[in-house]
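Geometric and topological summary
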Amino acid sequence: MNHKVLMCGNDAMSEAAVRAGCRFYFGYPITPQNEVTAYMSWRMPEVGGTFIQAESEIAAVNMVFGAAAVGARAMTSSSSPGISLKQEGISYLCGCELPAVIANVVRGGPGLGSIGPSQADYFQATRGGGHGDYRTITLAPSTLQELVDLTYLSFDLADKYRNPVLILSDGVLGQMMEPAVLPEMMDGKLPPKPWALTGARNRLPNVIRSLYLDVDLLEKLNLKLGHKFREMEQQEVRFEEFNVTDAVLPPRPAGLSRGRHAPAADLILVAYGSVARICRSAVRRLRQAGQRVSLFRPITVWPFPYEPLATAAERAKALLVVEMSMGQMIEDVKLAVGRCRPIGFFGRVGGCVMSVEEVVQEARKALEEVQ
Amino acid sequence: MTTRRPIRPVTREGHPKNPDPRPRTPRRRTAQGHANPPDPRGRQVFGKPASLKDVPTHFCSGCGHGLVHRMVAEVVDELGIRERVVGVSPVGCAVLGYDYWDFDVSEAAHGRTPAVATGMKRARPDLIVFTYQGDGDLAAIGTAELIHTANRGENITIIFVNNAVYGMTGGQMAPTTLEGQITATTPAGRTLEGCGAPLKVPEMIAPFPGTKYLVRTALNNPRNISIAKRCIKKAFQCQIENVGFSLVEVLSPCPTYWRLSPLDALKWIEEKMIPYFPLGEIKVPN
């Protein structure tokens with residue numbers, strides 16, 4: 001039965017994973033994701049699953065590898081320094097084409113950093129992160145409800161593509177409490193996994209491997225993976241526009257070039273995750289003050305919504321990227337928009353979170369430059 | 001018919017060692033699980049176990065891996081567990097285990113082998129899960145995974161092939177390299193000062209209540225080979241009967257990086273390795 005609960009983000013994510021059929025959770029304590037290990041430690045046995053507090057993040061992700069290899073739905077979670085340790089395992093999961101879910105409740109870095117929220121792992125999450133040529137679908141929720149929904153979805157995506165899926169949460173989302181409707185418990189029927197190691201009964205032996213000493217064979221694997229990543233780029237792009245779509249362009253008069261056509265929004269903020277909800281409040285405030293400001297929010301930061309953002313940018317005079325980093329997603333925004341619009345940046349780092357007021361001020365500055 | 005697939009010539013570190021595999025005659029699996037049925041005229045007394053593929057080996061001459069591969073395959077056949085056994089091969093010379101064993105096998109990242117096996121066994125307790133690891137994989141990079149898997153008492157079996165050297169990467173010092181032994185990274189011989197003493201793995205984990213069956217064997221003569229196989233079988237039985245964690249260390253020759261002939265390598269095991277790594281059961285189930 002669907003029911004609305006008030007939980008902290010880490011707990012809600014854990015419960016969504018359980019309801020998505022995850023029965024094997026392996027983790028290692030690190031702040032700010034400790035609620036996940038604590039929740040799973042009692043919840044997993046309750047639903048007939050297994051929880052292991054592993055000796056390290058490295059062991060945890062490799063236990064996930066083992067459980068995934070025999071066909072189970074498995075998950076691990078950590079925060080930034082721990083995710084760096086898991087990157088070896090994530091690379092192997094990709095190379096061996098094993099489905100798994102890895103949640104990163106991002107905190108400030110580099111090094112041991114802080115335990116405050118951050119978005120400094122954007123590059124690591126969206127560019128593979130470990131060694132070798134691979135990508136992982138990376139889901140960046142901005143509310144608890146979305147965290148629940150995307151966690152539930154992540155297991156299906158992982159199975160669909162036989163590829164690990166990353167959930168990019170952060171210290172804000174993990175720790176905050178907010179009501180969310182939980183999905184129903186899945187029926188326990190996992191998609192068929194004929195490749196899994198279940199004992200070679202009435203079939204050829206299955207092999208899980210990423211080692212190909214013959215370079216031609218490895219190239220074949222790389223091409224196969226590349227094809228899969230292109231498919232993800234075509235099918236899994238998710239984003240949200242806030243006050244962008246309602247600013248519809250009037251039909252362009254014949255003969256008038258696009259550049260001279262009056263834009264419908266003066267400024268589009270681009271933000272994801274918990275920063276996007278701060279920006280949403282800023283947009284509301286600016287709209288009330290009569291400013292034409294919109295928000296574009298990638299939900300999948302990989303695959304990044306390049307085309308939709310480029311289309312949205314056509315409706316605006318300028319863009320302002322807001323991140324809890326020194327500027328990482330802005331590179332994707334530049335790839336999407338090119339040089340046709342000025343792109344500003346505002347970031348807070350080290351575990352500091354920007355206020356709505358700060359975003360409003362930065363947006364006003366950006367607006368002054370284009371008006 | 002057995003299930004076989006053609007494999008490409010196996011190369012070692014990029015140097016083709018074997019020509020194209022010779023065409024083989026198809027084999028049949030008998031009720032006893034042996035691929036080569038006994039000759040009706042009573043001539044054939046020996047054949048490959050059904051769980052071992054009929055393929056050329058990539059291992060160097062005199063290497064012990066082929067023997068241990070075979071012993072594992074024989075034990076799997078004898079226990080009738082081919083259809084529920086899953087192997088985890090390490091990073092190192094034995095990484096290509098799946099080219100030889102005719103059952104489900106996964107690779108693992110270097111040293112993470114026991115963690116991968118833990119995930120498998122927890123998710124599917126009905127499977128018989130074993131890892132096959134060298135000294136570098138088990139006792140150097142994978143020490144944390146080994147110790148905690150053993151301490152948790154995971155119901156898995158570890159086959160630990162100790163040849164006192166890193167073979168795959170060119171004969172560097174291993175955690176089990178003997179004092180004075182010359183390797184690519186100890187050109188003047190291993191010294192205890194600076195390198196530490198060679199690790200005795202079963203002794204190290206014997207105090208853990210989670211470990212149930214720990215034994216050290218060697219491949220230096222037919223008698224010890226026969227004992228090694230019996231121990232491997234006992235270790236698998238230990239898992240089948242849910243007794244718990246088992247580990248079989250096998251002292252195995254590496255003539256290539258010991259710079260010895262295959263026969264001298266066997267002597268070296270007897271004269272150098274066994275005095276430091278004493279053979280026998282270190283821990284047996286109550």
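Residues numbered from 1 in each chain as written. Chains lettered and ligands numbered in written order. Predicted model: local features only at pLDDT ≥ 70, side-chain atom pairs only at ≥ 80, totals over all residues.

**Thoughts on the overall build of chain A**
Counting its regular elements, chain A contains 12 helices and 15 strands. When each of the 371 residues of chain A is scored for burial, the buried share is 55%. In chain A, the share of contacts with a sequence separation of at least 24, taken over all contacts with a separation of at least 6, comes to 80%. (Helix = DSSP H or I, 4+ residues; strand = E, 2+ residues; numbered from the N terminus. Buried ≥ 20, exposed ≤ 12 C-beta atoms within 10 Å, placed from the backbone. Contact = placed C-beta atoms within 7 Å.)

**Observations regarding the sheet that holds strand β9 (residues 211-218) of chain B**
Read across the open sheet, the 8 strands follow the order β9(A)-β4(B)-β3(B)-β5(B)-β6(B)-β10(B)-β9(B)-β11(B); overall the sheet is mixed. Looking along the sheet, the strands with just one partner apiece sit at the ends: β9 (207-208) of chain A together with β11 (280-283) of chain B. Pairing geometry for β9(B) and strand β10 (residues 245-251) of chain B, over 7 bridges, is parallel. The partner of B:Val215 across the bridge, within β10(B), is B:Val248. Against the sheet, helix α1 (residues 65-79) of chain B makes contact with β3 (85-89), β6 (157-162) and β10 of chain B, and its axis sits at roughly 160° relative to β6(B), the strand it touches most. (Pairing = 2+ DSSP bridges. Axes fitted to C-alpha atoms, helices over the stretch in contact; angles between N-to-C directions.)

**Concerning the nonpolar core**
Of all hydrophobic cores here, the largest spans 198 residues; its most connected members are A:Val64, A:Leu269, A:Cys279, A:Leu319 and B:Ile159. Residues lining this core come from more than one domain, with at least three contributed by each of domain 1 (3-199 + 207-235) and domain 2 (240-370) of chain A. Look past the residues within four positions of B:Ile159 in its chain and what remains in contact with it is B:Val68, B:Val72, B:Phe130, B:Tyr132, B:Ile232, B:Val248 and B:Val250. (Core = buried A, V, L, I, M, F, W, Y, C linked by C-beta atoms within 7 Å. Domains from an automatic or database assignment.)

**A short note on helix α6 (residues 144-161) of chain A**
Over its 18 residues, α6(A) extends 25 Å from the first C-alpha to the last, a length consistent with the 26 Å expected when each residue adds 1.5 Å. Where burial is concerned, most of α6(A) is hidden: 14 out of the 18 residues are buried. (Expected span 1.5 Å × (residues − 1).)

**Looking at the domain arrangement of chain A**
Residues and elements named next belong to chain A. Each domain of chain A was delimited in the assignment, giving domain 1 (3-199 + 207-235) and domain 2 (240-370). Between domain 1 and domain 2, the contact holds 27 residues from the first and 24 residues from the second. For the side of domain 1 that touches domain 2, the element with the highest residue contribution is helix α5 (residues 122-126), accounting for 4 residues. Grouping the constituent residues of the side of domain 1 that touches domain 2 by class yields 13 nonpolar, 10 polar and 4 charged. (Nonpolar A, V, L, I, M, F, W, Y, C, P; charged D, E, K, R; others polar.)

**Focus: helix α3 (residues 57-69) of chain A**
Residue and element names in this part refer to chain A. End to end, α3 covers 18 Å across 13 residues, agreeing with the expected 18 Å (1.5 Å per residue, within 8%). Of all 13 residues making up α3, 13 are buried, and the element is well covered by its neighbours. Gly71 occupies a position one or two residues after α3 and carries a positive phi of about 100°.

**Observations regarding the environment of A:Arg127**
Checked against the element boundaries, A:Arg127 lands in the loop between α5 and β6 (137-139). Between the C-alpha atoms of A:Arg127 and A:Thr138, which are 11 residues apart in sequence, the distance is 9.9 Å.

**Some points on the interface of chain B and chain A**
In this assembly, 33 residues from chain B lie in contact with 36 residues from chain A. If you list the elements that add at least two residues to the side of chain B that touches chain A, you get β3, β4 (104-107), α2 (113-123) and α4 (143-152) of chain B. For the side of chain B that touches chain A, the leading source of residues is α2(B), giving 8 residues. Looking at side-chain class alone, the side of chain B that touches chain A contains 15 nonpolar, 6 polar and 12 charged residues. Looking at chain direction, β9(A) and β4(B) are connected through 2 bridges and run parallel. Paired with A:Val207 across the bridge in β4(B) is B:Val105.

**What about the sheet that holds strand β13 (residues 300-302) of chain A?**
Residues and elements named next belong to chain A. Taken together, the 7 strands give an open sheet; going across it, the order is β3-β2-β4-β5-β7-β6-β13, and neighbouring strands pair in mixed fashion. Only two strands of the sheet have a single partner each, and these edge strands are β3 (50-53) and β13. Averaged over all neighbouring strand pairs, the angle between strand axes comes to 20°, with direction disregarded. For strand β2 (residues 24-27) and strand β4 (residues 74-78), the ladder comprises 2 bridges, and the chain directions are parallel. Within β4, the residue paired with Tyr25 across the bridge is Met75. Against the sheet, helix α4 (residues 80-95) contacts β4, β5 (100-106) and β7 (164-170), and its axis sits at roughly 160° relative to β5. Seen against the sheet, α6 touches β5, β6 and β7 and runs at an angle of roughly 165° to β7.

**So, the packing of α3(A) against α2(B)**
Relative to each other, α3(A) and α2(B) sit at 45°, their axes nearing to 6 Å. Considering their axes alone, α3(A) and α2(B) lie oblique with respect to each other. As for the relative orientation of α3(A) and α2(B), their crossing is right-handed in sense. Judged by residue contacts, A:Ala59, A:Asn62, A:Met63, A:Val64, A:Phe65, A:Gly66, A:Ala67 and A:Ala69 of α3(A) engage B:Ala115, B:Val116, B:Ala117, B:Thr118, B:Gly119, B:Met120, B:Arg122 and B:Ala123 from α2(B). When the residues that make up the contact of α3(A) with α2(B) are grouped by side-chain class, the tally is 11 nonpolar, 4 polar and 1 charged. (Parallel < 35°, antiparallel > 145°, perpendicular 65-115°, else oblique. Left-handed = near helix turned anticlockwise from the far one by under 90°.)

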